[in-house]
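Spelled out, the chains give:
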Amino acid sequence: MFNDIGALELVTIVVLAILIFGPDKLPKVIQDVSGMIRKIRSFSDSAKQDIRSELGPEFKDFEFEDLNPKTFIRKQLTENEDLKELRSSFDLRKELNDVTDAVNSKDAASAPAAPAAPATPAAGTGPDLLKKPSAPAPEARTPFDADAT
């Protein structure tokens, strides 16, 4: 509950409590606060037990922490057998390495053949991505209008 309180903050709280309540009333205030915390915890525990008993035996392993969306999703992802099987059968690093090897081997195989390739691609093959497109003819260019821009 107080995991993020440091030593300086704790000392500050103690000093403020002594200044506000005084050294003679401070032990009584601490007892009252601790008693109230104990009552709240016992009330919470009894409410949890009542809810579990009302839900029945099929919810005997029900935990209230599972209602937290983060915990629920984490539990579903780690306990789902289909996801475990999918995760074990699919190795992303292996797949990426296979794709990288395929691309690198294709580049290595096509590099010496690139100068000997015909100017127009053969039917059934894709466009030559390494070849730069030729500049359009001067009459095909649109005229530049400085006033329009």
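Given the structure is predicted, the values throughout are model-derived calculations rather than measurements.

Visitor: Can you walk me through the overall build of the chain in this structure?
Guide: Across its full length, the chain carries four helices and zero strands. The linear arrangement of helices and strands in the chain, starting from the amino end, is α-α-α-α. Per-residue burial for the chain yields a buried fraction of 3% across its 149 residues. Summed over its atoms, the accessible surface of the chain is roughly 13900 Å², and 63% of this surface lies on carbon and sulfur atoms.

Visitor: Could you clarify how one ought to interpret helix H1 (residues 7-55) in this entry?
Guide: An α-helical turn contains 3.6 residues, so a residue and the one three or four places further along point in the same direction. Over its 49 residues, H1 runs only 43 Å from end to end, short of the ideal 72 Å by more than 12%, given 1.5 Å per residue. Two residues or fewer past H1, Gly56 is found with a positive phi of approximately 100°.

Visitor: Even after reading the chapter, I still don't get the confidence of the model for the chain, so can you show me in this structure?
Guide: One rule of thumb: low pLDDT means the predicted coordinates there are not for detailed reading. Here the chain averages 77 in pLDDT, while 71% of its residues score no lower than 70. The secondary structure element of the chain with the lowest average pLDDT is helix H3 (residues 81-89), at 71, and the one with the highest is H1, at 91.

Visitor: I'm lost on the pattern of salt bridges in this one. Help?
Guide: Between side chains of opposite charge, a pair can form when the charged atoms approach closely. Counted according to the given criterion, the structure contains two salt bridges. One salt bridge in this structure joins Lys28 and Asp32, with 3.3 Å as the shortest N-O distance. Here Lys28 pairs with Asp32, and both are found in helix H1, just four residues apart, close to one helical turn. Assessed through its relative accessible area of 49%, Lys28 is described here as partly exposed. Given a relative accessible area of 44%, Asp32 falls into the partly exposed group. Where Lys94 meets Asp98, a salt bridge forms, and the shortest distance between an N and an O atom there is 3.4 Å. Within this pair, Lys94 and its partner Asp98 are both found in helix H4 (residues 92-113), separated by four residues, close to a single helical turn. Note on Lys94: relative accessible area 46%, which makes it partly exposed. Residue class for Asp98 comes out partly exposed when judged on its relative accessible area of 37%.

Visitor: Would you mind going over a nonpolar patch on the surface with me for this structure?
Guide: A cluster of nonpolar residues, Val11, Val15, Leu16, Leu19, Ile20 and Phe21, forms a patch on the protein surface that exposes about 600 Å² of accessible area. Relative to the elements of secondary structure, Ile20 occurs in helix H1.

Each value, and the rule that gives it
Residues numbered from 1 in each chain as written. Predicted model: local features only at pLDDT ≥ 70, side-chain atom pairs only at ≥ 80, totals over all residues. Heavy atoms only, no water. Helix = DSSP H or I, 4+ residues; strand = E, 2+ residues; numbered from the N terminus. Buried < 20%, exposed > 50% of the residue type's maximum accessible area, 1.4 Å probe, protein only. Areas by Shrake-Rupley, 256 points an atom, 1.4 Å probe, with all protein chains shown as cover. Expected span 1.5 Å × (residues − 1). pLDDT = per-residue confidence, 0-100. Salt bridge = Lys/Arg side-chain N within 4 Å of Asp/Glu carboxyl O. Patch = residues over 30% accessible without salt bridge, like charges linked within 9 Å, V, L, I, M, F, W, Y side chains within 5 Å.

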